[in-house]
Amino acid sequence: NSLRCYPVESRGKTVPHIEFNTNGKTVALRTEESRMALRNVDVRTSFQQKARRRASADSSLVGKIREWSPKGSISVDGGAAVIPAVPLRTRLTGLRGNFDERFINLDTLAVRIGSTDLGLDGQVRGFLRALAGRGVLAADMNVKSGRLNLDEILVAFGKGSRKETEILDSIPDADATKADISVIKVPGNVDFKLGLIADRVDFAEMGINPLIVNIAIKDKVARLTDMSLQSEVGDMDIEAYYATKSMSDVSFGADLHLMNVSSKEIIYMLPNVDSLMPALRHFEGKLGADMSISSQLDSGMNVLWPTLEAILRIRGRDLMISDAGNLRKVTKLLMFKNKNPGHIDDLSVDAVVHNGELEVFPFKLGVDRYRCILAGVQDIDRKLNYHISITQSPFIIPFGVNIYGYTDN
């Protein structure tokens, strides 16, 4: 370690200039709960007092810091950290950057958290003003990942709220679905823009490779734009937002475009859809879906049904019906060629959700020798009222069928 302090001339005044450099094979850091050890650390910093005509009226620590102009660089080859809030083995595999009073330039920051690896580069602005509470902390960052295990990280956050948590190298996949997700507050004094490219993402037992998304965080709102992913269950394009005006005022919205996804996978990814359209669970085959959704959320990140607003379209061809049950009695009565109803030629459904009610607009459906138009309404209590107009059938006279009751009866 070396420390130098000497006077320099600035704007006609003599001011102190301080240089502090450290170069060590090992540097250990410790807070009340966390531990960190770094190796091959090279830090070079300088602080020069600003030449001001008048003395600063701010006598606080932050005010004193603002009287100096910092500058420096940092290089770290590697290290490890123990952070109980995120009880996963955390390793630093590289850090290079430099800073002054305006910018923090991050050339590279490479870390491994459990089975997740992250590489970051970019720039942070307004650090000192944000520290003084007089400005917004801004950042433009790029993040690359070979594997991003969101399941594991969410479970780790849940475990980290407990005291005396064991630090784990990873969390078994079997535990990944046990995460209790609670409201995460979006800060209001930041203006972050992040571009993320991940070769593989593990989320909700859905293998995603790759994932590309831009993330913006500003004014207590997080936005996802230009999100494109390819997964084992199908391809998706998504734009979304998540806002926390307060811990009791949480909302989200999303535009989703899903391609070649099975009905079971749609229900798995969007469980609330099953409550709105329970018939989906009986379709087999690939579907396409376009959805625009907005809603308030409770403290457990669950949708508050009375606040849900949605527009959706579900479409598909050559679909099969599984578990037809008593529908076979209907097919005999209506003279189906195939008495075992299993095939739907084409399907295209448009619907809206408003004031706790799902309204399905008239849509065409082709089954066996029949062509029909179906429309109707159902509410949150699963009470339904539908009408089917038969436009083509073996019978000479057109007819209609009213269906009412509850989705389970």
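The rules behind these values
- Residues numbered from 1 in each chain as written.
- Predicted model: local features only at pLDDT ≥ 70, side-chain atom pairs only at ≥ 80, totals over all residues.
- Heavy atoms only, no water.
- Patch = residues over 30% accessible without salt bridge, like charges linked within 9 Å, V, L, I, M, F, W, Y side chains within 5 Å.
- Areas by Shrake-Rupley, 256 points an atom, 1.4 Å probe, with all protein chains shown as cover.
- Salt bridge = Lys/Arg side-chain N within 4 Å of Asp/Glu carboxyl O.
- Lys, Arg positive; Asp, Glu negative; His and termini not counted.
- Charge placed at Lys NZ, Arg CZ, Asp CG, Glu CD.
- Helix = DSSP H or I, 4+ residues; strand = E, 2+ residues; numbered from the N terminus.
- Buried < 20%, exposed > 50% of the residue type's maximum accessible area, 1.4 Å probe, protein only.
- Contact = heavy atoms within 4.5 Å.
- Pairing = 2+ DSSP bridges.
- Polar contact = N/O pair within 3.5 Å; in protein donor to acceptor, adjacent residues only side chain to side chain.

A. The arrangement of a negative patch on the surface in detail. Side chains of Asp226, Asp235, Asp237, Glu239 and Asp255 sit close together on the surface and give a patch of like negative charge. Of all the elements, strand S14 (residues 234-246) adds the most residues to the negative patch, at 3 residues. Mapped onto the elements, Asp226 comes out in strand S13 (residues 221-231).

B. Structural detail: a nonpolar patch on the surface. Together, Ile65, Ile104, Phe127 and Leu131 make up a nonpolar patch on the protein surface, roughly 320 Å² of accessible area in all. With respect to the helices, strands and loops of the structure, Phe127 is situated in helix H2 (residues 127-131).

C. The side chain of Ser46, seen in detail. Topologically, Ser46 is positioned in strand S3 (residues 35-49). With relative accessibility at 15%, the residue Ser46 sits in the buried group. Not counting residues up to four positions away in its chain, the partners in contact with Ser46 are His17, Ile18, Glu19, Ser69, Pro70 and Lys71.

D. Quick look at the pairing of strand S8 (residues 137-145). Of the pairings in the sheet, the one linking strand S7 (residues 116-125) to S8 comprises 7 bridges and is antiparallel in character. Within S8, the residue paired with Gln123 across the bridge is Asp140. As defined by bridge partners, S8 adjoins strand S10 (residues 190-198) across 9 bridges and the pair is classed as parallel. Its bridge partner being in S10, Asn142 is matched across the sheet by Gly195.

E. View of the environment of Gly97. Relative to the elements of secondary structure, Gly97 occurs in strand S5 (residues 90-100). On the basis of relative accessible area, Gly97 is assigned to the buried category, the value being 9%. For the pair Gly97 and Asp121, spaced 24 residues apart in the sequence, the C-alpha separation amounts to 9.0 Å. Once you skip the residues sitting within four places of it in the chain, Gly97 turns out to touch Ser73, Ile74, Asn105, Leu106 and Asp107.

F. Fine view of the side chain of Thr22. Among the secondary structure elements, Thr22 is positioned in strand S2 (residues 13-30). Exposure remark for Thr22: the relative accessible area of 15% places this residue in the buried category. Polar side-chain contacts of Thr22 include one of 2.5 Å to the side chain of Asn1. Setting aside anything within four residues of it in sequence, one finds Thr22 in contact with Asn1, Val41, Asp42 and Val43.

G. Geometry of the pattern of salt bridges. The full count for this structure, using the stated rule, is 10 salt bridges. Among the ionic pairs, Asp140 bridges to Arg125, the shortest N-O distance being 2.9 Å. One end of the pair, Asp140, is in strand S8; the other, Arg125, is in strand S7, with 15 residues separating them in the sequence. Since its relative accessible area comes to 25%, Arg125 is described here as partly exposed. Of the charged contacts, one joins Asp290 and Arg315 as a salt bridge, the two residues approaching to 2.9 Å between their closest N and O atoms. With Asp290 in strand S17 (residues 286-297) and Arg315 in strand S18 (residues 309-321), this pair connects stretches of sequence that are 25 residues apart. One salt-bridge network, held together by shared partners, links Arg147, Arg200 and Asp202.

H. Summary view of unusual backbone geometry. Cis geometry is found at the peptide bond from Asn209 to Pro210, where omega equals -5°. A positive phi angle is found at Arg11, which is not glycine, with a value near 55°. When its relative accessible area of 77% is taken as the criterion, Arg11 is described as exposed. Positive phi outside glycine occurs at Lys220, with the angle close to 65°.

I. Here's a closer look at the environment of Leu211. When you line up the elements, Leu211 lands in strand S12 (residues 206-218). Leu211 gets classed as buried once you look at its relative accessible area, which sits at 6%. Leu211 sits 10 residues away from Val201 along the chain, and the two C-alpha atoms are 7.1 Å apart. In contact with Leu211, not counting residues within four places along its chain, are Leu196, Ile197, Ala198, Val201, Met227, Ser228 and Leu229.

Shape descriptors only; they carry no functional weight alone.
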